[in-house]
Amino acid sequence: YTDEAIKVIEANRNQPFFLYLAHWGVHTPLQALKSDYESLAALPTHRERVYGAMLLAMDRSVGRVMAALKAQGLEQNTLVVFTSDNGAPNYIALPNLNKPYRGWKLTLFEGGVRVPYIARWPAKLPAGGHFPNPVSSMDLLPTIAAAAGAELPKDRVIDGTNLLPHLTGEQTSPPHDVLFWRDGSYQMVIAKGWKLQQAERPNKTW
């Protein structure tokens, strides 16, 4: 995936482009390069070393993509976003992966929905900032469209918000008053610093 991403960067260096790079790792099956595994001998268990080696490989891939942008003179004026679709699952026998948050992948507790969300755009965004307000992956479309100067589709409702004015400090109010999640009958809302979860199986409210 990283090799192909670098080809895309090189082929489009003279025109605007959008690259969506979704690595399969870190994910099951837990598999890693022997060289990465052996470099992490300080980790106490075999499973932790394999998982750590997978993280190492992904980190190396991200580094290669960033290096390719720099090599093509695109580093300063490219918006790069790093995020994930969910927290770690509970079926890989690594019980501390989502700490200090409760819950796992497929739950709506923080361990299931709170993920890295990092944006880098040296030409436009201040470095080293921390944005405290809840945001969503649905914000990616309007944010990227705004960065590219593209119009959003007008034939559907766009639920996301352009985060750029919030990240630059032009807009000081939170980007969302309310955020909703739903997986079948399992639902969650975050509003004004509070979270409500409702499930049918088990029939429970948190």
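One structure accompanies this document, and this report is about it.

What counts and what doesn't
Residues numbered from 1 in each chain as written. Predicted model: local features only at pLDDT ≥ 70, side-chain atom pairs only at ≥ 80, totals over all residues. Heavy atoms only, no water. Pairing = 2+ DSSP bridges. Helix = DSSP H or I, 4+ residues; strand = E, 2+ residues; numbered from the N terminus. Expected span 1.5 Å × (residues − 1). Contact = heavy atoms within 4.5 Å.

**As for the sheet that holds strand S5 (residues 194-199)**
So, step 1. Across the sheet, which stays open at both edges, the four strands sit in the order S3-S4-S5-S6 with antiparallel pairing between neighbours. Both outer strands of the open sheet, strand S3 (178-183) and strand S6 (204-205), are each paired with one neighbouring strand and no more.
So, step 2. Sheet topology places strand S4 (residues 186-191) next to S5; five bridges connect them, and they run antiparallel. Bridging across to S5, Met 188 finds its partner in Gln 197.

**Some words on the pairing of S3**
So, step 1. Looking at chain direction, S3 and S4 are connected through six bridges and run antiparallel. Paired with Leu 179 across the bridge in S4 is Ile 190.
So, step 2. Here S3 hands over to S4 after two residues, with Gly 184 in that stretch at a positive phi of 65°.

**Considerations on helix H3 (residues 46-71)**
So, step 1. The first and last C-alpha atoms of H3 sit 37 Å apart over 26 residues, in line with the 38 Å expected at 1.5 Å per residue.
So, step 2. Contact partners of the buried residues in H3: helix H1 (2-11), helix H2 (34-38), strand S1 (80-83) and strand S2 (117-120).
So, step 3. Directly beyond the C-terminal end of H3, a positive phi value near 75° is found at Gly 73.

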